[in-house]
Amino acid sequence: MHDGTGRIVVQGLTKQFGPVTAVQNLGFTVEPGTVTGFLGPNGSGKTTTLRMLLGLVRPTAGQATVNGRPFEQLGNPARVVGAVLEAQSFHPTRSALNHLRSFAAAIGVSDRVVNDVLGLVGLHQAGRRNTKGFSLGMRQRLALATALLGDPQILILDEPSNGLDPEGIAWLRGFLRDFASRGRTVLISSHLLREVEQTVDQVVIISRGQSMYHGSLDQLRAQRPSRVLVQADDLATLVGALQEAGHNGIESIPDGRLAVSGADSKQVADLALKAGVAVYGIQEEHVDLESLFLEMTSGQYTGAPGFGPPAPQQPPPNWGQPPGSGGFPTVNPYQQPGAPQGPYQQQGPYQHGPQGPYQPGPYQQGPPQHSPYQQPPGDQGQSDGSGGNH
Ligand SMILES: Nc1ncnc2c1ncn2[C@@H]1O[C@H](COP(=O)(O)OP(=O)(O)OP(=O)(O)O)[C@@H](O)[C@H]1O
């Protein structure tokens, strides 16, 4: 049923292109009033998913709905969804204004709206120029203007920052935030978490067509608390003192130091002092989202395992490991600068449980502290990616 909410729901979505599983059992919801980042490395299935959402590719299994209906059942799709997929091509001898006017006529929108959207995307002065001479960034803006013609409730943009300069990226960020703040829905894809980090409310991270994470960036950060790395002369005594003080997230790391989660360096140093343990070095590590993203999506091309260090036996809590993927990550973000590179998966004597409380993770270490963003529906990705959704 057409529920008019602006909600996007993806359930069990799967697409097989012959032997290639582009998308596998994908599920997520995009709520109105939010900007959602759809993230994954090249070839992870982002565009295929967006094409299924827009009725351009028929799913092998599962479904994607907009306002509670498959896209092709929406009464006036241009009024519901504005979409830009991939790099846009425009009739080279047509001006931006004429391009927009032809799309506006197709969906019953007046020329006044054409001028409005041109102004909205900052192309007013270039309106009479032929698109032949447009830069990639100007093409992105014109594609966005095309998508906005129907005053849609939902924007779906595939890699919208491509070709934009820093000022353009900042402008886009503000535009999308404002769009969402009016209770509308934004879904943007990117292969760079950093690019969308300041724009999105939540992210859906995929790798090899499968969901790795769905939630807010804060929740993602919270899965990996900071930790302290400490080098001391009597580790056993220090472990005892830490445990007595309620610090149970302790493990030894390959270089002989202890890693203590959920504590800061002062707490650890004070406890060591009290226990009479000499501390030779202490360092705080903080979660780095980009590394975390890389860790979750690594192996897209490497066919892990068998490349890089051995994968852990089980994924970190709340992460969906791809069935039969053989695991991830192939990145070991714990490696210390200057330390020999290798399969540092062995655990020391202070681990908790078979894996210890830490899987190799995306921490950035602080300095050591001594002593302390369519075209008409077709199928199978045969379209050339030109034009807007009208
Ligand atoms: N029409 C098609 N026929 C065969 N394979 C396809 C087709 N479209 C996509 N694929 C394959 O499906 C997988 C996912 O591709 P997709 O374009 O969805 O990834 P993506 O995450 O959008 O990548 P990128 O960031 O590089 O645009 C890839 O292996 C790709 O080669």
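None of these values were measured; they are calculated from a predicted model.

### Thoughts on helix H10 (residues 265–274)
Right, on to step 1. Buried residues of H10: Ser-265, Val-268, Ala-269, Leu-271 and Ala-272, and no others. Taken down its axis, H10 places every buried residue within 165° of arc, on the same side. Structural note: H10 exposes Lys-266, Leu-273 and Lys-274 on the side pointing more than 90 degrees away from its buried face.
Right, on to step 2. Measuring from the backbone nitrogen of Lys-266 back to the side-chain oxygen at the start of H10 gives 3.2 Å, which picks out Asp-264 as the cap.

### What to know about the pairing of strand S2 (residues 20–30)
Right, on to step 1. When strand S1 (residues 8–17) meets S2, the two strands line up antiparallel, connected through seven bridges. Directly across from Ile-8, in S2, lies its bridge partner Val-30.

### Quick look at the nonpolar core
Right, on to step 1. If you look at the biggest cluster of nonpolar residues, it comprises 52 residues, and the most contacted ones within it are Leu-149, Leu-155 and Ile-205.
Right, on to step 2. Among the elements that make up this core, the one with the highest residue count is helix H5 (residues 136–148) (seven residues).
Right, on to step 3. Looking at which domains feed residues into this core, each of domain 1 (8–220) and domain 2 (226–330 + 345–365) gives three or more.
Right, on to step 4. Setting aside anything within four residues of it in sequence, one finds Leu-155 in contact with Gly-82, Leu-144, Ala-147, Leu-148, Phe-175, Leu-176, Phe-179, Thr-185, Val-186 and Leu-187.

### Quick notes on the pattern of salt bridges
Right, on to step 1. All chains considered together, the criterion is met by twelve salt bridges.
Right, on to step 2. Of the charged contacts, one joins Asp-111 and Arg-101 as a salt bridge, the two residues approaching to 3.6 Å between their closest N and O atoms. Taken as a pair, Asp-111 in helix H4 (residues 111–120) and Arg-101 in helix H3 (residues 96–107) lie far apart in primary sequence, ten residues in all.
Right, on to step 3. Its relative accessible area of 42% is what places Asp-111 among the partly exposed residues.

### Considering the packing of H5 against helix H6 (residues 166–181)
Right, on to step 1. The N-to-C vectors of H5 and H6 enclose an angle of 15°; their axes lie 13 Å apart at closest approach. Relative to H6, H5 is oriented roughly parallel. In terms of crossing hand, the pair formed by H5 and H6 is left-handed. Residue-level inspection shows Arg-141, Leu-144 and Leu-148 of H5 in contact with H6, the latter providing Gly-168, Trp-171, Leu-172, Phe-175 and Phe-179.
Right, on to step 2. Split by residue class, the contact of H5 with H6 holds six nonpolar, one polar and one charged.

### Section: unusual backbone geometry
Right, on to step 1. Even without a glycine there, the phi angle at Asn-25 is positive, about 50°.
Right, on to step 2. Looking at the secondary structure, you find Asn-25 in strand S2.
Right, on to step 3. By relative accessible area, Asn-25 is classed as exposed at 57%.
Right, on to step 4. One non-glycine residue, Asp-151, lies in the positive phi region at around 50°.
Right, on to step 5. Structurally, the position occupied by Asp-151 is in the loop between H5 and strand S6 (154–158).
Right, on to step 6. Overall, Asp-151 belongs to the partly exposed group, its relative accessible area being 48%.

### Examining the sheet that holds strand S5 (residues 81–84)
Right, on to step 1. Taken in spatial order, the six strands of this open sheet run S5-S6-S7-S3-S8-S9, and their pairing is mixed. Each edge of the open sheet carries a strand with a single partner, namely S5 and strand S9 (210–215). Each adjacent strand pair in this sheet contributes to an overall mean axis angle of 15°, direction not counted.
Right, on to step 2. Two elements, strand S8 (residues 202–207) and S9, share five bridges in a ladder whose sense is antiparallel. When the bridges of S9 are listed, Val-203 appears paired with Gly-215.
Right, on to step 3. H5 contacts S5 and S6 of the sheet and is inclined by roughly 160° relative to S5.

### Digging into the site of the ligand
Right, on to step 1. Close contacts around the ligand come from 13 residues, with Gly-43, Gly-45, Lys-46, Thr-47 and Thr-48 the closest.
Right, on to step 2. One of the backbone nitrogen or oxygen atoms of Gly-43 is found 2.6 Å away from an oxygen atom of the ligand.
Right, on to step 3. Within the contact set of the ligand, an oxygen atom lies 2.8 Å away from a side-chain nitrogen or oxygen of Lys-46.
Right, on to step 4. When the ligand is considered free in solution it has 640 Å² of accessible area, and contact with the protein chains removes 62% of it.
Right, on to step 5. For the shell around the ligand, the elements supplying multiple residues, two or more each, are S2 and helix H1 (46–53).

### Quick look at the sheet that holds S1
Right, on to step 1. Spatially, S2-S1-S4 is the arrangement adopted by the three strands of the open sheet, whose pairing is antiparallel. Of all strands in the sheet, those with a lone pairing partner are S2 and strand S4 (61–66), marking the two edges. The sheet shows a mean angle of 20° between the axes of neighbouring strands, taken without regard to direction.
Right, on to step 2. The sheet strands contacting H1 are S1, S2 and S4, and the helix crosses S1 at an angle near 120°.

### Digging into the packing of H3 against H5
Right, on to step 1. At their nearest, the axes of H3 and H5 sit 10 Å apart, and the two run at 25° to each other. Here H5 runs roughly parallel to H3, going by the angle between their axes. As for the relative orientation of H3 and H5, their crossing is right-handed in sense. Contacts between H3 and H5 involve Ala-96, His-99, Leu-100 and Phe-103 from the first element and Leu-142, Ala-145 and Thr-146 from the second.
Right, on to step 2. Of the residues assigned to the contact of H3 with H5, the class counts are five nonpolar, two polar and no charged.

### As for helix H9 (residues 235–244)
Right, on to step 1. Within H9 the residues assigned to the buried category are Leu-238, Val-239, Ala-241 and Leu-242. The arc that holds every buried residue of H9, seen down its axis, measures 165°, which confines them to one face.
Right, on to step 2. Along its buried surface, H9 packs onto strand S10 (227–232), strand S11 (250–252), strand S12 (258–261) and H10.
Right, on to step 3. Among the residues trailing H9, Gly-246 stands out with phi positive, at a value near 90°.

About the thresholds
Throughout, residues of each chain are indexed from 1 in the direction in which the sequence is written. Residues qualify for local features only when their pLDDT is at least 70, as the model is predicted, and side-chain atom pairs are given and counted only at 80 or more; totals for whole chains, interfaces and linings, by contrast, use all residues. The side-chain numbers reported here are obtained from all heavy atoms of the structure, hydrogens and water having been left aside. The rule is simple: take the accessible area with a 1.4 Å probe, protein chains only, and divide by the maximum for that residue type; under 20% is buried, over 50% is exposed, in between is partly exposed. Only runs of H or I of at least four residues qualify as helices and only runs of E of at least two qualify as strands under DSSP, and these elements are numbered from the N terminus. By arc we mean the arc of the directions from the helix axis to the C-beta atoms, nothing more. Counted as a polar contact is a pair of N or O atoms within 3.5 Å, where, for protein atoms, one must be capable of donating a hydrogen and the other of accepting one, and residues adjacent in sequence contribute only when both atoms are in side chains. DSSP bridges decide pairing: two strands pair if at least two such bridges lie between them. Within this scheme, the nonpolar core is defined by two criteria: the residues are buried Ala, Val, Leu, Ile, Met, Phe, Trp, Tyr or Cys, and they are joined through side-chain atoms within 4.5 Å. What counts as a domain boundary in this text is fixed by an automatic or database domain assignment. Here, residues are in contact when the closest pair of their heavy atoms is within 4.5 Å. The salt bridge definition used is simple: a Lys or Arg side-chain nitrogen within 4 Å of an Asp or Glu carboxyl oxygen. Only the stretch in contact is used when fitting a helix axis, every axis being a line fitted to C-alpha atoms; angles between N-to-C directions are given from 0 to 180 degrees. For classification purposes, angles smaller than 35 degrees are called roughly parallel, those larger than 145 roughly antiparallel, those between 65 and 115 roughly perpendicular, and all remaining angles oblique. By definition, turning the near helix anticlockwise from the far helix through less than a right angle yields a left-handed crossing, and turning it clockwise yields a right-handed one. Gly is put with the polar residues, along with every residue not named as nonpolar or charged; the nonpolar set is Ala, Val, Leu, Ile, Met, Phe, Trp, Tyr, Cys and Pro, and the charged set is Asp, Glu, Lys and Arg. When at least one non-hydrogen atom of a residue lies within 4 Å of a molecule or strand, that residue is treated as near it. The method behind every accessible area is Shrake-Rupley, applied with a 1.4 Å probe, and residues are considered shielded solely by the protein chains displayed.

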